[in-house]
Amino acid sequence: MANELQLVGFRIGKETFGVPIALVHEIVRVPVVTAVPDALDYVEGVINLRGRIVSIVDLRKRFREEQILSDAKNRVLVTDLDGTMVGLIVDAASEVLKLAHSDIEAPPAGVFENADTNYVTGVGKLNGRLIILLDLKKILGKGELRRLQNLNHLQEQPAS
């Protein structure tokens, strides 16, 4: 077991991505999202998840996916990033993936090194398909994560 990495697999477009299962609290259907003024273009807004305010980021927009379809397969991966709850909208959440460390390679040199794609930590091989491994903390930079944390706290404040 120590030689395996457990991931939550999800799709955006035709690609399959994976994030460590320990970072994902739950996977839910896409609820009604309350828009927030002046948010980044890929921040959809916030939701109330059992009494807790969670910022919602459309990972498809963050990855500049050209065709974004809203359908019943779309899911929100509810994650905890440095103490901030963030929901990530994806096309579909597939399954728990188990990858042997020997089936994971470093990202190809030069392909994922620029600031926009430095969140790719590796590429896994599983049953003839490739799984792109992601570092969620790098997808949302420190400044973006701080803004989402502030957004969550502002929405939790009672109106005066």
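Below is a summary of the structure that appears in this document. (Residues numbered from 1 in each chain as written. Predicted model: local features only at pLDDT ≥ 70, side-chain atom pairs only at ≥ 80, totals over all residues. Heavy atoms only, no water.)

## Here's the deal with the environment of I131
Just so we agree on the cut-off: Starting at the N terminus, helices and strands are each numbered in turn, a helix being any DSSP run of H or I of at least four residues and a strand any DSSP run of E of at least two. Residue exposure (1.4 Å probe, protein chains only): buried if accessible area is under 20% of the type maximum, exposed if over 50%, otherwise partly exposed. Should any heavy atoms of two residues lie within 4.5 Å, those residues are counted as being in contact.
Relative to the helices and strands, I131 is located in strand 11 (residues 129–134). Residue class for I131 comes out buried when judged on its relative accessible area of 0%. Every residue in contact with I131, bar those within four places of it in the chain, is listed here: T16, F17, G18, L97, G122, V123, G124 and L126.

## Description of the pattern of salt bridges
We count it as follows: Criterion for a salt bridge: a side-chain nitrogen of Lys or Arg within 4 Å of a carboxyl oxygen of Asp or Glu.
What the rule picks out here adds up to 6 salt bridges. One salt bridge in this structure joins D91 and R60, with 3.3 Å as the shortest N-O distance. Here D91 is found in the loop between strand 7 (84–90) and strand 8 (92–100), whereas its partner R60 is found in helix 1 (residues 59–62), with 31 residues between them in sequence. We note that D91, like R60, is buried. Where K125 meets E105, a salt bridge forms, and the shortest distance between an N and an O atom there is 2.8 Å. Taken together, the positions of K125 in strand 10 (residues 120–126) and E105 in strand 9 (residues 104–105) put the pair 20 residues apart, joining distant regions of the chain. Via salt bridges that share partners, D58, R60 and D91 belong to a single interconnected network.

## Remarks on unusual backbone geometry
The backbone phi angle of R50 is positive, close to 50 degrees, even though this residue is not glycine. Mapped onto the elements, R50 comes out in the loop between strand 4 (43–49) and strand 5 (52–58). Residue classification places R50 among the exposed residues on the basis of a relative accessible area of 64%. For R64, which is not a glycine, the phi torsion comes out positive at approximately 60 degrees. Take R64: it is sitting in the loop between helix 1 and strand 6 (75–81).

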